[in-house]
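For reference, the chains in residue letters:
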Amino acid sequence: MSNSVSSNGTAKKTVKSSKKVEKNKTQKSKKQTLVIVESPAKASTIEKYLGKGYVVKASMGHLIDLPKSRLAVDVEHGFQPEYITVRGRAKILKELQKDAKKSDIVLLASDNDREGEAIAWHLNNALRDKTDAKIMRIVFNEITPPAIKDAVRHPGVIDENKVNAQKARRVLDRLVGYNLSPLLWEKVKNGLSAGRVQSVALRLICDREKEVEDFLPEEYWTLEADFSKGKSVFTAQLVLFKGEKPNLKSEKDVQNIIDAILSAECSVSDVKITEKTVKPRPPFTTSKLQQAAANRLGFTSRKTMQVAQQLYEGIQMGENRIGLISYMRTDSVRISKTALDEVREWISKNHPNELPPESVLYSVGKGAQDAHECIRPTYSSYTPDDVKEYLSRDQFRLYALIWERFVSCQMTAAKTSTTSVDIKAGDALFRVSASRLVEKGFYKVIKLLSSKEDVTGNLPSLKVGEVLSSERKFYPEKHFTQGPSRFSDASIVKTLEEKGIGRPSTYAPIISTLLDRYYVTRSNKQLVPTILGKMICQILVEAFPDVINEGFTAEIENKLDGVENEGIAWSAMIEEFYEPFKKRVNEVEQNQESVKGFMDEKTEELCEKCGRPLLKKLGRFGYFLACSGFPECRNTKSIPLAKCPMDGCNGEIVERKSKGRGKSFFGCSNFPKCSFLTHFKPIEATCPKCGWFLVEKFDKKNGSYKSCINPACDFLHSEDETEEK
């Protein structure tokens, strides 16, 4: 089609050009809605859900906080904190301010907890003078299209009480840390630090270690015997002898019983069948998830929260990015009606016989904040098998735990039947039990969370008075009484929760902080205090018994809850604590004897740089060798643990660390000339067979045991054998 042209040939062109300019002006006048979240992964997921007209940016956590270089709390004027832009975050803040200027609405979408509320509060203060946009707060419990769109449709305001609770905790921790840490620098060692909650957790670990060290195991024996009916052979355990519980202290005691019943007739004296109903467990809270992931998957608390964060923020599944679980920092087992309806619909389609008539509701624990729902899958219909191809191995296993626990909690109970049989053999009574599932109930969706105790084998049909054949096979076994076990990630989190120390968001950081400071190390998944950790704990507990104790810490948590839930004045709470605390700090500073250099130990080794003696010193990451001529000579080296076993190599085995957060390993000091390395720590013993050094290994079957590091040598023996040699 031809275009019409005016007499001068330009009129139409001018009109068209004017319309284009007008259109551009209209487009420029159109504004956007800016949504600010905490992480880029979350931003990416949410932006896809909201579509055009929305820009989603990440604050990368806190942009404004207390400075690290000074106390920054005005103790003379209501303990007001002095906030600054976090170093290295100014660029992010300026970008957010620019984006806010282009927007007519700003939605602050940080996490729905105290820290998230504080982030929103600081952002509001930093943006409101830079933009005419309306700034509002939105919260959500899961990152799914319905939840995000509903939050955007119903914005609210910042919860000042929640902000004040975070402010109180931050100020309190700063007052404690910035008073105790310099005290440790002066009295123990430069560079040390102490925290209000971490120090109490350290005390729990040190107290448990003392119990472990003080425990003296005692020998005892058990006796089992084989019995049979027809072709069925089963093993029963001795439970009574002459009507009393046997006290078998030695092998001789066991042999005396065997001799006494060797020719006795064996008959069934009692048969009991017990029916038991096993109810499903409530859905996960943060602490229970960390415990289950530690026990079932071997995850540390930090790893559990990292993987859970990934599942929460969103996983790319084909063309869509989907948040697979609800918010993972919660102390509540509450379930929304929407989630209940959805999971019941899934159960009705897949396991209709296991769907109870009504939803199963669980009571929220005493002291729980109940700000969020439980940890659950966002869509029950996304089974672990459905999403497996999109997840890493760790993501899949953790998601499977969460899915199993949530779906099973809305299914019918299981029923078990336990048969217990007593067998009389002379004056001895043996007992054997077997359990079986009568009704699977919720176990139909349980895989990773299943327990071996649910089914314990089968027994032949037995009646009272029935004579059994004795196989005359006895199994005496020596044991030692077990003392208290060291804390693991799972058990310390459980203890912290039970004692009211910390909150769901702090359990993992508490453990990580103690490990990072080298106050605690991990050994076979157990938390073991270091010499440095024990020393610091002793000093702090003796100097500040009223602060470094679980009762005080739990009381503080309750007061912080009061600030958040009831609007209690936070500054009055801090004032009540600070005056006696500061007075005690001054007293300790004057009276506490310094132990600086106490751990230093002279060695016969000389510094290869200046010839002066080397000292064995305790550093942040353990012992090391340092020149006694410091600061003139700054030579340091790792402590040799053994001689390198490679032919022709005169090197020594030292501890090394891979880059980042890698595990320790042990390699030759002549690296890279000698590439020998092992992941097992050498001990002060050599193999009597080949002369290589020994290491300590650990496995679930044998526990800790010693073994030769030489792959061509089969030497493996108990601690007793090592001591004898």
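Bear in mind that the values here come from a model prediction, so they are computed numbers and not experimental data.

**Side note on the overall build of the protein chain**
Across its full length, the protein chain carries 19 helices and 30 strands. Each principal axis of the C-alpha distribution contributes one length, and for the protein chain these read about 125 × 80 × 60 Å. Here the protein chain holds 725 residues, and 46% of them are scored as buried. For the protein chain, long-range pairs separated by at least 24 residues make up 66% of all intrachain contacts whose partners lie at least 6 apart in sequence.

**Regarding the packing of aromatic side chains**
Per the stated rule, a full pass over the model turns up 12 aromatic pairs. Both rings, one in phenylalanine 227 and one in phenylalanine 430, keep their centres 5.5 Å apart while their planes meet at 65°; by these two values the pair is edge-to-face. A residue pair is termed long-range when its members are at least 10 positions apart, and phenylalanine 227 in strand S9 (residues 219–229) and phenylalanine 430 in strand S15 (residues 428–439) qualify at 203 residues. The buried category is assigned to phenylalanine 227, whose relative accessible area is 2%. On the numbers, 5.2 Å between centres and 50° between planes, the contact of tyrosine 379 with tyrosine 382 is tilted. Residue tyrosine 379 is classed as partly exposed on the basis of its relative accessible area of 21%. An aromatic cluster is built from Phe544, Phe552, Phe577 and Phe581, whose rings are joined through pairwise contacts. Cation over ring: arginine 208 sits above phenylalanine 487, and NZ or CZ is 4.1 Å from the ring centre.

**Focus: the environment of arginine 137**
As for its position among the elements, arginine 137 is in strand S8 (residues 134–137). The class of arginine 137 is buried, set by a relative accessible area of 3%. Distance in space between the C-alpha atoms of arginine 137 and isoleucine 36 is 9.7 Å, their sequence separation being 101 residues. With residues near it in sequence (within four places) discarded, arginine 137 still touches Leu108, Ala109, Ser110, Asp111, Asn112, Gly116, Glu117, Ala120, Pro155, Gly156, Val157 and Ile158. In terms of polar contacts, arginine 137 uses its side chain to reach the backbone carbonyl oxygen of leucine 108, at 3.2 Å. Side-chain polar atoms of arginine 137 contact the side chain of glutamate 117, separated by 2.8 Å.

**Looking at a positive patch on the surface**
The grouping of Lys94, Lys98, Lys101, Lys102 and Lys130 at the surface amounts to a positive patch. On the secondary structure map, lysine 98 appears in helix H3 (residues 90–101).

**Examining the confidence of the model for the protein chain**
Predicted coordinates in regions of low pLDDT should not be interpreted in detail. Of the residues in the protein chain, 90% reach a pLDDT of 70 or more, and the chain-wide mean stands at 87. Here helix H19 (residues 719–724) stands out as the element of the protein chain with the lowest mean pLDDT, 38, in contrast to helix H13 (residues 393–408), whose mean of 97 is the highest. Contacts of residues 1–19 to residues separated by more than four positions or lying in other chains number 2 contacts, the stretch itself having pLDDT below 50. Segment residues 717–725: pLDDT under 50, and 8 contacts once partners within four positions in sequence are set aside and those in other chains are kept.

**Structural notes on the pairing of strand S7 (residues 103–108)**
In terms of strand pairing, strand S1 (residues 32–37) meets S7 through 5 bridges, oriented parallel. Along S7, the bridge assignment pairs isoleucine 36 with leucine 108. Note: S7 against S8, 4 bridges, orientation parallel. Bridge pairing in S8 links leucine 108 to arginine 137. Once you follow S7 into helix H4 (residues 114–127) and on to S8, the crossover reads as right-handed.

**Structural notes on the pattern of salt bridges**
For side chains of opposite charge, pairing can occur when their charged atoms come near one another. Summed over the entire model, instances satisfying the criterion amount to 38 salt bridges. Taken together, the salt bridges that share partners define one network made up of Arg114, Arg503, Asp561 and Glu564.

What counts, and where the lines are drawn
Residues numbered from 1 in each chain as written. Predicted model: local features only at pLDDT ≥ 70, side-chain atom pairs only at ≥ 80, totals over all residues. Heavy atoms only, no water. Helix = DSSP H or I, 4+ residues; strand = E, 2+ residues; numbered from the N terminus. Buried < 20%, exposed > 50% of the residue type's maximum accessible area, 1.4 Å probe, protein only. Contact = heavy atoms within 4.5 Å. Phe/Tyr/Trp six-rings, centres within 6.5 Å; stacked < 30°, edge-to-face > 60°. Lys NZ or Arg CZ within 6 Å of the ring centre and 35° of its normal. Polar contact = N/O pair within 3.5 Å; in protein donor to acceptor, adjacent residues only side chain to side chain. Patch = residues over 30% accessible without salt bridge, like charges linked within 9 Å, V, L, I, M, F, W, Y side chains within 5 Å. Areas by Shrake-Rupley, 256 points an atom, 1.4 Å probe, with all protein chains shown as cover. Salt bridge = Lys/Arg side-chain N within 4 Å of Asp/Glu carboxyl O. Lys, Arg positive; Asp, Glu negative; His and termini not counted. Charge placed at Lys NZ, Arg CZ, Asp CG, Glu CD. pLDDT = per-residue confidence, 0-100. Pairing = 2+ DSSP bridges. Right-handed = clockwise from strand over helix to strand, strands pointing away.

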